[in-house]
Amino acid sequence: MLEIISMRVNGKDVELAIDPRESLLDTLRRRLGLTSVKKGCEVGECGACTVLVEGEAIDSCIYLTVWAKGKSILTVEGLKSPTGELSPIQQAFIDEAAVQCGFCIPGIIMSAVEIVGAGRRYERDELRKLLSGHLCRCTGYEKIIDAVEKAVEAKLASQRAG
Ligand code: FES
Ligand code: FES
């Protein structure tokens, strides 16, 4: 039996009739066309499907859409400014050449949003641990860590400025 749920996705209210067994990954990709949310392992191992639910990074492949009822979801599509500019975190990934094939990157960027949002500096080993739920077959991870460090520093600088 289908269930009607409403949630907020990238700042817009949506109402959907869903199968209670449906994953948030399938709802976001198939029904809402948010293809930044990648389908990788589908068992919570690769991090490609990471989105924020109420500001917390989760693997959307192992998160049922019914659990998101009444909650706020953020994907990469929701990061750009109203005028279409990339967010500072996305720009940091470009500046640091942290993107190769790109498959893992939207999920990593969403974890980076959570990390940057904490408003504090991390050691590189701490960042490695925080991002350890993400698999990347291309970059060797170092440039990804560089990008996240750069985004954290930019956020701290903007906080200091005011
Ligand atoms: S597709 Fe969700 S963790 Fe791999
Ligand atoms: S950039 Fe290709 S898997 Fe990470």
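The rules behind these values
Residues numbered from 1 in each chain as written. Chains lettered and ligands numbered in written order. Predicted model: local features only at pLDDT ≥ 70, side-chain atom pairs only at ≥ 80, totals over all residues. Core = buried A, V, L, I, M, F, W, Y, C linked by C-beta atoms within 7 Å. Buried ≥ 20, exposed ≤ 12 C-beta atoms within 10 Å, placed from the backbone. Helix = DSSP H or I, 4+ residues; strand = E, 2+ residues; numbered from the N terminus. Contact = placed C-beta atoms within 7 Å. Pairing = 2+ DSSP bridges. Axes fitted to C-alpha atoms, helices over the stretch in contact; angles between N-to-C directions. Parallel < 35°, antiparallel > 145°, perpendicular 65-115°, else oblique. Left-handed = near helix turned anticlockwise from the far one by under 90°. Nonpolar A, V, L, I, M, F, W, Y, C, P; charged D, E, K, R; others polar. Domains from an automatic or database assignment.

Undergrad: So what about the nonpolar core? Which residues, and what values?
TA: Counting 44 residues, the largest nonpolar core has Val51, Ile109, Ala112, Ile144, Val148 and Ala151 as its most contacted members. Put simply, the parts of the chain that give this core at least two residues each are strand S1 (3-9), helix H1 (24-31), strand S3 (50-53), strand S4 (56-59), strand S5 (72-74), helix H2 (88-95), helix H3 (105-117) and helix H5 (142-161). If we skip the residues at most four places from it in the chain, alanine 112 touches Ile89, Val148 and Ala151.

Undergrad: Tell me about the pairing of S3, and please be specific about residues and values.
TA: Direction of pairing for S3 relative to S4: antiparallel, over a ladder of 4 bridges. Paired with threonine 50 across the strands is aspartate 59, a residue of S4. In sequence, S3 turns back onto S4 through a hairpin of 2 residues, with glutamate 54 there showing a positive phi of about 55°.

Undergrad: Which residues make up the packing of H2 against H5, and what values do they have?
TA: How two helices pack is summed up by the angle between their axes together with the distance between the axes. Relative to each other, H2 and H5 sit at 135°, their axes nearing to 8 Å. Classified by the interaxial angle, the pair formed by H2 and H5 is oblique. For the element pair H2 and H5, the recorded crossing hand is right-handed. Facing H2, whose interface residues are Pro88, Ile89, Ala92, Phe93 and Asp95, H5 presents Ala147, Lys150, Ala151 and Ala154. Taken together, the residues that form the contact of H2 with H5 break down as 7 nonpolar, no polar and 2 charged.

Undergrad: So what's going on with the domain arrangement of the protein chain? Residues and values would help.
TA: As assigned here, the protein chain comprises domain 1 (3-78) and domain 2 (88-161). Facing 14 residues of domain 1, the contacting portion of domain 2 comprises 14 residues. At 3 residues, the largest contribution of residues to the side of domain 1 that touches domain 2 is made by S3. The residue inventory of the side of domain 1 that touches domain 2, partitioned by class, reads 8 nonpolar, 4 polar and 2 charged.

Undergrad: Mind laying out the environment of tyrosine 141, listing which residues take part and the relevant values?
TA: Considering the arrangement of structural elements, one finds tyrosine 141 in the loop between helix H4 (124-130) and H5. Accessibility expressed as a C-beta count within 10 Å gives 18 for tyrosine 141, which makes it partly exposed. A sequence separation of 42 residues divides tyrosine 141 from valine 99, and the C-alpha atoms of the two residues are 9.9 Å apart.

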